[in-house]
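So the chains spell out like this:
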Amino acid sequence: MSTFTLTVNVASADLIALKQAGYNLCIAKKVNNTYNTVWRGGRPVRFLARNTFQWTSSYQVFGTQTFSDGALVVAATETPQIQFGQTALLDTDGSMHNPTGSPDTSGTFSVDNEYAAMNIGVNGYLSGAFSPIFVTPDALVTGNVSLTPVETILVWFDSQHVTSTIIATSVSNTIEVDYTGGFSSRSVTYASAPGQPGTGAWTLDGQLRLASTYNPTTNLFAVQRPSAGLLAKIGQLLNAASTNPSGVPTGLGASPTDNTAFTATITFDDANTVNSFAAYAQSARPHGLSTWDVSAQGSAVVVQLAISEEDAQPDLQDATRKIPYKFLSILHGWTGAQYKTLTFAVPGAHGAYRV
């Protein structure tokens with residue numbers, strides 16, 4: 001049975017501020033294509049600068065009469081362990097029997113309810129213990145319910161959820177970590193916006209990822225806009241002591257001289273990908289920019305971008321904050337090979353930062 005590992009790094013400068021503001025580090029696991037229960041969060045486990053979670057594809061099923069926003073999930077029946085391909089019976093007396101059937105690789109198991117109206121829950125095995133990862137939102141009167149856990153994890157910070165609680169409301173600043181592509185170990189890093197603990201952005205395995213707000217009711221994600229200051233902070237934290245392995249100077253190209261111009265430099269492993277991304281970026285120019293100058297330079301694509309005077313009014317500062325987001329929204333839509341490094345030269349900054 002495979003073992004999966006997630007490492008969550010928290011910027012040291014943010015650690016105390018997050019704790020003083022009452023934030024918990026929370027994770028949830030996808031079941032039936034949704035996240036609705038906190039697998040691990042806050043009390044009694046406190047987060048540190050480096051947090052490691054390990055789990056296997058081991059599960060239990062149970063009946064519960066708990067499903068309401070923010071409620072603590074409590075099993076009302078036995079909690080037998082179950083494997084894919086098996087079915088557990090909840091009998092007419094309300095007893096959950098050990099599962100029957102031959103285990104398989106279908107990725108799905110089920111519960112056959114002969115009792116009465118009952119929500120069906122799933123426990124997942126995390127860091128040495130089982131705890132709830134999912135509860136059916138609607139009570140099953142009688143019949144069979146199929147349950148399909150997926151090796152995809154949601155990570156976020158908030159001040160209201162703890163282990164085994166139903167996710168009550170939309171959760172912001174989340175990152176989704178997918179293990180289904182053959183991954184067994186992944187690492188994320190979180191940094192808060194300056195002076196705003198709990199409002200931040202992430203990297204996943206060294207690649208910048210835009211934070212999203214997850215709505216458990218609609219099961220939809222909405223991408224959030226990072227500020228220029230937050231992007232700068234992430235770059236400084238991750239790359240202060242590193243050098244660009246491609247040999248392309250940090251901040252390749254002239255640094256912007258006005259208040260609203262940025263230079264983005266993105267590097268790839270091969271020339272074909274460089275040319276493909278340059279063509280993609282040329283065709284995907286965002287609206288509201290006076291400058292969108294794309295050029296291929298060796299192993300890098302350099303994009304100089306500036307806001308139009310019309311869009312800079314009436315709030316120049318707010319308009320300027322949107323500039324890196326405009327580039328990142330284009331990068332978010334790129335489906336080609338992963339980039340190696342991403343560098344921003346920030347207006348008014350000394351040098352550049354890499355994310």
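Residues numbered from 1 in each chain as written. Predicted model: local features only at pLDDT ≥ 70, side-chain atom pairs only at ≥ 80, totals over all residues. Heavy atoms only, no water.

Peer 1: What am I meant to see in the overall build of the chain here?
Peer 2: In terms of helices and strands, the chain carries 4 helices and 22 strands. Looking at the chain as a whole, 52% of its 355 residues qualify as buried. For the chain, long-range pairs separated by at least 24 residues make up 65% of all intrachain contacts whose partners lie at least 6 apart in sequence. Of the roughly 15,600 Å² that the chain leaves accessible, carbon and sulfur atoms contribute 48%. (Helix = DSSP H or I, 4+ residues; strand = E, 2+ residues; numbered from the N terminus. Buried < 20%, exposed > 50% of the residue type's maximum accessible area, 1.4 Å probe, protein only. Contact = heavy atoms within 4.5 Å. Areas by Shrake-Rupley, 256 points an atom, 1.4 Å probe, with all protein chains shown as cover.)

Peer 1: Could you clarify how one ought to interpret the layout of surface pockets in this entry?
Peer 2: Unfilled space is identified by rolling a water-sized probe across the atoms. The volume enclosed by the largest pocket comes to roughly 580 Å³. What lines the largest pocket is a set of 23 residues, and nearest its centre among them are Leu204, Leu208, Arg209, Leu210 and His332. Counting only elements with at least two residues in the lining of the largest pocket, the list comes to β12 (171–178), β15 (207–209), β17 (220–223) and α4 (316–332). The leading source of residues in the lining of the largest pocket is β12, at 4 residues. The class makeup of the residues in the lining of the largest pocket is 12 nonpolar, 7 polar and 4 charged. (1 Å grid on protein atoms, 1.4 Å probe; cavity = no way out; pocket = protein on both sides within 12 Å on 5 of 7 lines; lining within 4 Å. Points joined across faces, edges and corners; volume = space filled by probe spheres on them. Nonpolar A, V, L, I, M, F, W, Y, C, P; charged D, E, K, R; others polar.)

Peer 1: Just checking my understanding: could you explain the pairing of strand β9 (residues 129–135) for this structure?
Peer 2: Here is the key point about a regular strand: its side chains alternate between the two faces of the sheet. Across the 7 residues that make up β9, a large majority, 5, are buried. Hairpin connection, strand β8 (residues 119–126) to β9: the antiparallel pair is bridged by 2 residues, and Ser127 has positive phi, about 50 degrees. (Pairing = 2+ DSSP bridges.)

Peer 1: Would you explain the pattern of salt bridges in this entry?
Peer 2: Summed over the entire model, instances satisfying the criterion amount to 4 salt bridges. With a closest N to O distance of 3.3 Å, Lys30 and Glu176 form a salt bridge. Here Lys30 is found in strand β2 (residues 24–31), whereas its partner Glu176 is found in strand β12, with 146 residues between them in sequence. According to the relative accessible area criterion, Glu176 is partly exposed, its value standing at 31%. For Lys340, the salt bridge identified is with Asp269, shortest N-O distance 3.6 Å. One end of the pair, Lys340, is in the loop between α4 and β21 (341–345); the other, Asp269, is in the loop between β18 (261–267) and α3 (271–283), and 71 residues separate them in sequence. Look at Lys340 and you get partly exposed, because its relative accessible area is 33%. (Salt bridge = Lys/Arg side-chain N within 4 Å of Asp/Glu carboxyl O.)

Peer 1: Looking at this model, I keep getting lost on the nonpolar core. Mind explaining?
Peer 2: One recurring pattern in soluble globular proteins is that nonpolar side chains are buried together. Among the nonpolar cores identified, the biggest contains 41 residues, and Leu6, Trp55, Leu147, Val155 and Trp202 are the most heavily contacted of them. Look past the residues within four positions of Val155 in its chain and what remains in contact with it is Leu6, Val8, Leu25, Cys26, Ile27, Asn173, Thr174, Ile175, Val177 and Trp202. (Core = buried A, V, L, I, M, F, W, Y, C linked by side-chain atoms within 4.5 Å.)

Peer 1: Where do I start with the sheet that holds β12 in this structure?
Peer 2: Taken together, the 6 strands give an open sheet; going across it, the order is β3-β2-β11-β12-β16-β17, and neighbouring strands pair in antiparallel fashion. At either margin of the open sheet sits one strand with a lone partner, and together these are β3 (40–41) and β17. Bridging between strand β11 (residues 149–158) and β12 involves 4 bridges; their strand directions are antiparallel. Its bridge partner lying in β12, Leu154 is registered against Glu176.

Peer 1: Looking at this structure, I do not really get the environment of Leu208. What am I missing?
Peer 2: Here Leu208 shows up in strand β15. Judged by its relative accessible area of 7%, Leu208 falls in the buried class. Put simply, Leu208 and His332 are 124 residues apart on the chain and 9.7 Å apart in space, counted from C-alpha to C-alpha.

Peer 1: Before we go on, may I ask you to explain the sheet that holds strand β10 (residues 143–147) in this structure?
Peer 2: Each strand in a sheet pairs with its neighbour through backbone hydrogen bonds, running either in the same direction (parallel) or in the opposite one (antiparallel). Ordered in space as β6-β7-β10, the 3 strands form an open sheet in which the pairing is mixed. At either end of the open sheet lies a strand with only one pairing partner, and these are β6 (87–90) and β10. The sheet shows a mean angle of 20 degrees between the axes of neighbouring strands, direction not considered. Where β6 lies against strand β7 (residues 109–113), 4 bridges are found, and the strand directions are parallel. Of the residues in β7, the one forming a bridge with Ala88 is Val111. (Axes fitted to C-alpha atoms, helices over the stretch in contact; angles between N-to-C directions.)

Peer 1: I tried to follow the environment of Gly94 on my own but got confused; where do I start?
Peer 2: Tracing the sequence through the fold places Gly94 in the loop between β6 and β7. For Gly94, a relative accessible area of 17% puts it in the buried group. Apart from residues lying up to four places away in sequence, Gly94 is in contact with Thr77, Glu78 and Tyr115.

Peer 1: Mind showing me how you'd approach the side chain of Asp14 here?
Peer 2: Among the secondary structure elements, Asp14 is positioned in helix α1 (residues 12–20). When its relative accessible area of 4% is taken as the criterion, Asp14 is described as buried.

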